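Summary of structural features
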Amino acid sequence: MGYNAIDVNRICLHGRMEALPAFSHANHGVEFYRFPLVVRRLSGVEDRIHVLVSGTLLGTCGKLEPEEEVTVVGEVRTFNNRSGEGSRLIIRVFARAVRREEGEDENRLELTGTLCKPPSLRATPLGRTICDMILAVNRRYGRADYLPCI
């Protein structure tokens, strides 16, 4: 799949950090860290969203502490877990910006891409109708993220 200028992958989150950033991995000489961000839904249910941030970007924020409110702007990224432990598909938010600020919790995602297979419409055991699909969103440099959507 080539890069398509109309593919969009943008996420804006506002919530509170649940833990200190922990080292994740290094790639091309850049260290990356991860932390869980707790974002409260309108219903009051809390989602824990895993954020991946470069050490360089983290350094510009200063020391972030648990329970601190932050806004994260970035992209949803996927990769395959080849360790054999846990889920095979790992979904993370790749942070492009992290800002300390107070505000209402927010979880806003905008995606455009290509459907990988026909959407599947089904009913849950409680009678709700939902649709499952997989969306391929191209990145630059010939890579793509395959995002399961409900």
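Analysis parameters
Residues numbered from 1 in each chain as written. Predicted model: local features only at pLDDT ≥ 70, side-chain atom pairs only at ≥ 80, totals over all residues. Heavy atoms only, no water. Helix = DSSP H or I, 4+ residues; strand = E, 2+ residues; numbered from the N terminus. Polar contact = N/O pair within 3.5 Å; in protein donor to acceptor, adjacent residues only side chain to side chain. Contact = heavy atoms within 4.5 Å. Salt bridge = Lys/Arg side-chain N within 4 Å of Asp/Glu carboxyl O. Buried < 20%, exposed > 50% of the residue type's maximum accessible area, 1.4 Å probe, protein only. Pairing = 2+ DSSP bridges.

**Here's the deal with the side chain of Asn9**
Of note, Asn9 is situated in strand 1 (residues 8–17). At a separation of 2.8 Å, a polar atom in the side chain of Asn9 contacts the main-chain carbonyl oxygen of Val76. Setting aside residues no more than four positions away along its own chain, Asn9 makes contact with Gly74, Glu75, Val76, Glu110, Leu111, Val137 and Asp145.

**Re the pattern of salt bridges**
Opposite charge on two side chains lets them pair, provided their charged atoms get close. The full count for this structure, using the stated rule, is 15 salt bridges. Residues Arg48 and Glu46 are paired through a salt bridge, measuring 3.5 Å at the closest nitrogen-oxygen approach. Under the relative-accessibility criterion, Arg48 is labelled partly exposed at 42%. In this structure Glu46 comes out as partly exposed when scored by relative accessible area, which is 26%. Taken together, the salt bridges that share partners define one network made up of Arg16, Glu18, Arg40, Glu46, Arg48 and Glu67.

**A few points about the pairing of strand 11 (residues 144–149)**
Relative to strand 11, strand 10 (residues 129–138) is paired through six bridges, and the arrangement is antiparallel. Across the sheet, the residue bridging to Val137 is Asp145, located in strand 11. Joining the antiparallel neighbours strand 10 and strand 11 is a turn of five residues, in which Tyr141 adopts a positive phi near 65 degrees.

Interpretation in functional terms is not warranted from these geometric data alone.
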